[in-house]
Each structure stands twice: as structure tokens, then as C-alpha cells.
Amino acid sequence: MSTTVGSSFITEIRQLDKNGAGQAVVWHENEKGNSKKLKLTVPETLPGEKVRVTVDKPERRRRKAVLEEIIEAHPERIGPACPHFSLCGGCVWQHWQYAGQLQEKTNHVKHALEAQGFEPYLVQDTMGMEDPWHYRNKMEFTFSPDGTLGLHEQGNFRKIISLETCLIAGKKMVEAAMDIAKWASDHHLSGYNKDTHEGLLRHLMVRESFATGEMMLALFATEAPDGNLREAASDLIDRIEAKFPEVKSLLWLENRDWADRTQSEKTHVLSGRDFIYDELSGFRYRIWYDTFFQTNPTQAQKLVDLAIEMGQPKKNEKMIDLFCGVGTFSLPFAKQVKELSGIEIVETSIESAKRNAKDNGITNTHFLARDARHGIDEVIDSFGTPELLLLDPPRSGAGGKVMRKIGRAQPERIVYVSCNPDTFATDIKELLPFGYQLELVQPVDLFPHTVHVECVVLMSRMEK
């Protein structure tokens, strides 16, 4: 902590916030001689570092500071590899050695559990990647109003950074995106202006299966690819087919809605089909532009393997897969249990799960499009009490009502796959009154160079 007059401070980074930025506390003395404590957020810093920062309008209580100088650096500080690092919000920890990132993620999980009264020794070291680069199989890029294609600037969704590279996306994905950026420039096509709601091109989604090699390019625009755009669309088809034979799905999706989302009012298949094939755990999945599928296939395989290892499915058992999505966990588990029922509120995901089961010759599954809380009751009424229950909820967690439903159902074993340690810790505490104990927590790093960490967790019902 330091005290100074004006907007320049020398201070020590105390900890990191939930977004991975450093936090510091300083005292600011104004012109009248009055001192006030300021809480500062300092991006691109690490715990324990001594830094010089400047603060615009320090009279405000909470301010984002600008890093001017690192006086004493963290021993694990390294130079970021990406030229976009200081502007892009995608990878906030490229300045931290990978081993340090993994330790921080382990500590995050431990602290989340401790806050709910659990023992931190149950948390294993975070499982990282041998090569923590080019791991993403899906990226969404945005067009700026002048037609430039790139990524959002950190903390500013109105500004787009022109795309030169992306070190966490598949290399072929970035190459295809840059070719589409050149195509848009060659045809002088405008980007969408979020303020005036004018312009043509909005987003580009790129998906790639690392298993099959198939790629999808989905272009979101405010008009159909006909009329004055017919020539440009035809040229796009020619360029992609000539250079990227792995693109099995080239889509033009109309989106006139003001909401800044990758959604489609009408889909035009310019080339190939409207989906690509991907594989995980030896099963083949159809992936549409709006299909949720694990973004890091290498680490996703570890999630599935861990879930099976912890859950110990048996051939005579029934199982529920809650928040089942398109069946990422359902299909591998279905091969090892008697019956499996999947529950998911998104109807299109359930239709995909049914189709994926059929495509892979899985006949012992039943998928239900229902919210989790009511879906559990409906499944148990017709299906009976499962010996094993797996849940993979969104970042917001399953919630107390769902967790208490699970507790009352009394499955022998519960495997919780989490993408948010804080909500997961709150959720599993709800199971304690129902006779469950926490057995094991294994963090897995699906998103290197970011703050996010996944966990696979085993809860077991204690014998009465």
C-alpha cells in the first residue's frame, strides 16, 4: 500500500481478481490534504509484483490503473507470445509461465471449496496441456464498421483489433479467417455498426474438427447472398473451395436482429452441408453452427476419461446425465451402463443427442427436453432411481433446488463436471444434508492463458 499526491502510484499487487487482473490498494491525498483509499485493478500484472501505475481521475473509489513500469517482477513473468496481447481480452495470462497459471487455478479451486467448508487436500493438481497453444476448435471473429475482421479489444466491445494471428485457435482456422477478411476487403463490403445498426458483415464463426479435419465457415450478415451480393458470394465459394478442401460447410447466415449474437434467421448453404463431423471418445458427432461442443478436444477427452474413472459405471446400472447437451458424456457412458437417460432444456440439443446416439448405434438411451428440476422427477418416475448421476451445468451452476432434487433422489454416486469452481462449491454443499461426502476433485485446464478452469468431482453417498 502506498500514499501519494496526484495520479501516479508505486504499489504492490496483492492478488488477482476474477478476470485475472492484478489488484492493489493505495492511499490518494487530494489538494486539500484529505486521504482516501483507492482499490485499483491493474491488468498484465502478477501477485507480489511492485509496480508504478497511473490512475485517471483518482478521486473515484475503484479505478482501472495503467501499468507504467514493473519495478520488481514476479519470478514467473515471461514475455507474451501474441502481438495482440496488450489489447485483446482473449488470453489475459500470456505473461505468466504455464506452470504458474496451473498453480493459480489449483489454488482457485481450493479457495472456493474452503469457503464452503470443504477440505482443500481433496483437490488434485490441475491437469495441464503438453502444448498449451492452438487448442481451440471454435472461434468467433467480428467485423468492424469499416469491414476489418478481428477480435474485440479488452473491455471495449465497440472496438475491433485487426486480425494478424491467434495463438489459441487452430492454425488452419486463422488462415481461413484471414482469407475471408481479404475477400471482404477486395469486394469493399461494409461491417456492421452496432450503434447505427447499419452495414453488412457481422461475425465469422470458424469451427474445425481436430479428429476428422473437417472445417465450417459461417458468415453472419444482415442481407441474403443474392442480388448485388451474388457475385461476391460466388467468389467466396470459389476461393474457399480452391484453397481449403477441408471446408465441408460454408454458410451464409442472415441475422438482422439488433442483439449482438451469432444467431440466424435464415441459413444459406453456399457449399457442402450445414454441419461438420467431429469425434470424441471414439464417437462421431454432427456439429452445427449453434451446437455446443467442447472447445478444447484434447482436454475434453481427459474430462470424459476422468468422469468414467470416477463414476465407475457398471453394466447392470441405470444412469442420468443431467444437462446432457448433444450427448458428449452420454454416449461414452451409455456403452458401460444398462440404461441412460439424458436431460437437457435445449430442444435442438436433445434432437442432436438422439441423432448422435442413432449414428453411433447406441440403443439404450432416452433423451428428454426438459428443465433439470422437473426433468429429474419425470425420469425417475418412469426410469427408477439411478445408481449413477452425472451433471455438467452451465457456469451459473445447477442451483440449490436442482441439487436438493438430486440429493433426495439418492443415487449412489454423483459425478459433477464443473466450469466454475465457485458455483460448483456452492452446489455440492447442498448435498451434505442428504448423506453425501466429497471424495475427489480433479481440476483440468481447458483454456490455457485464461482464468477459466474445469473440474471433475466425485461425491459418494455414505452408508447409513
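Residues numbered from 1 in each chain as written. Predicted model: local features only at pLDDT ≥ 70, side-chain atom pairs only at ≥ 80, totals over all residues. Heavy atoms only, no water.

Visitor: Hey, could you run me through the overall build of the protein chain in this one?
Guide: When helices and strands are counted, the protein chain shows 9 helices and 24 strands. Against the compact-globule benchmark of 23 Å for 464 residues, the protein chain has a radius of gyration of 25 Å, which places it among compact chains. Referenced to the eigenvectors of the C-alpha coordinate spread, the extents of the protein chain come out at roughly 75 × 65 × 40 Å. Looking at the 464 residues of the protein chain, the share that counts as buried comes to 53%. In the protein chain, 63% of the contacts between residues at least 6 apart in sequence involve partners at least 24 apart. (Helix = DSSP H or I, 4+ residues; strand = E, 2+ residues; numbered from the N terminus. Rg over C-alpha atoms; globule rule 2.2 N^0.38 Å. Buried < 20%, exposed > 50% of the residue type's maximum accessible area, 1.4 Å probe, protein only. Contact = heavy atoms within 4.5 Å.)

Visitor: Would you explain the sheet that holds strand S6 (residues 50–54) in this entry?
Guide: Sheet architecture is open: 3 strands sit in the order S2-S6-S8, paired in antiparallel fashion. Each end of this open sheet is capped by a strand with a single partner; those strands are strand S2 (8–12) and strand S8 (66–72). Across this sheet, the average inter-strand angle for adjacent strands is 25°, counted without regard to direction. The pairing of S6 with S8 spans 5 bridges and is antiparallel. Looking across to S8, one finds that Arg 52 is bridged to Glu 69. (Pairing = 2+ DSSP bridges. Axes fitted to C-alpha atoms, helices over the stretch in contact; angles between N-to-C directions.)

Visitor: Teacher, can you tell me more about the sheet that holds strand S23 (residues 436–444) here?
Guide: Strand pairing within a sheet occurs via backbone hydrogen bonds; the two strands may be parallel or antiparallel. Taken in spatial order, the 7 strands of this open sheet run S20-S19-S18-S21-S22-S24-S23, and their pairing is mixed. Across the chains shown, the open sheet's two edge strands, defined by having one partner strand only, are strand S20 (365–369) and S23. Shown here is a sheet whose adjacent strand axes are inclined to one another by a mean of 15°, direction ignored. Direction of pairing for strand S19 (residues 339–344) relative to S20: parallel, over a ladder of 5 bridges. Bridge pairing in S20 links Gly 342 to Phe 367. Across the face of the sheet, helix H6 (residues 347–359) comes into contact with S19 and S20 while running at roughly 170° to S20.

Visitor: Help me understand the packing of helix H1 (residues 98–114) against helix H9 (residues 421–429), please; the structure alone is not making it clear to me.
Guide: At their nearest, the axes of H1 and H9 sit 9 Å apart, and the two run at 30° to each other. Handedness of the crossing formed by H1 with H9: right-handed. Counted together, His 108, Val 109, Ala 112 and Leu 113 of H1 and Pro 421, Asp 422, Phe 424, Ala 425 and Ile 428 of H9 form the full contact between these two elements. (Left-handed = near helix turned anticlockwise from the far one by under 90°.)

Visitor: Explain the environment of Val 417 to me, please; I cannot follow it from the model alone.
Guide: By the secondary structure assignment, Val 417 is in strand S22 (residues 413–418). Counting along the chain gives 23 residues from Val 417 to Pro 394, while the straight-line C-alpha distance between them is 9.7 Å. Ignoring anything within four residues of it in the chain, the contact list for Val 417 reads Leu 303, Phe 329, Leu 390, Leu 391, Asp 392, Pro 393 and Cys 455.

Visitor: Would you mind going over H1 with me for this structure?
Guide: For an α-helix, 3.6 residues make a turn, and residues three or four places apart therefore share a direction. For H1, with 17 residues, the first-to-last C-alpha span of 25 Å sits near the 24 Å given by 1.5 Å per residue. Along H1, the residues that are buried comprise Tyr 98, Gly 100, Gln 101, Leu 102, Lys 105, Thr 106, Val 109, Ala 112 and Leu 113. Lining the buried residues of H1 we find H9, S23 and strand S24 (454–461). (Expected span 1.5 Å × (residues − 1).)

Visitor: For this particular structure, what's the right way to read helix H4 (residues 297–311)?
Guide: Here H4 spans 21 Å end to end across 15 residues, near enough to the 21 Å set by a 1.5 Å rise per residue. For H4, the set of buried residues is Pro 297, Gln 299, Ala 300, Leu 303, Val 304, Leu 306, Ala 307, Ile 308, Met 310 and Gly 311. Where H4 is buried, its residues touch strand S16 (276–280), helix H5 (330–334), strand S21 (388–391), S22, S23 and S24. In the stretch just after H4, Gln 312 is the one whose phi turns positive, near 45°.

Visitor: Sorry if this is basic, but what is going on with the state of the cysteines here?
Guide: Chemically, a disulfide is nothing more than a covalent bond linking the sulfur atoms of two cysteines. This structure, assessed with the given rule, holds 0 disulfides. You can see Cys 419 has no disulfide; the closest cysteine sulfur is in Cys 455, sitting 9.7 Å from it. Overall, Cys 419 belongs to the buried group, its relative accessible area being 16%. (Disulfide = S-S within 2.5 Å.)

Visitor: Explanation requested: the packing of helix H7 (residues 372–383) against helix H8 (residues 400–409) in the structure shown.
Guide: Think of two packed helices as two axes; the pair is described by the angle between the axes and how far apart they sit. Look at H7 against H8: their axes get within 9 Å of each other, and the N-to-C directions meet at 20°. Taken together, H7 and H8 sit at an angle that is classed as roughly parallel. When you trace H7 past H8, the crossing you get is left-handed. Contacts from Ala 372, Arg 373, Ile 376, Asp 377 and Ile 380 of H7 reach H8 at Lys 401, Val 402, Lys 405, Ile 406 and Ala 409. Tallied by class, residues from the contact of H7 with H8 come to 6 nonpolar, no polar and 4 charged. (Parallel < 35°, antiparallel > 145°, perpendicular 65-115°, else oblique. Nonpolar A, V, L, I, M, F, W, Y, C, P; charged D, E, K, R; others polar.)

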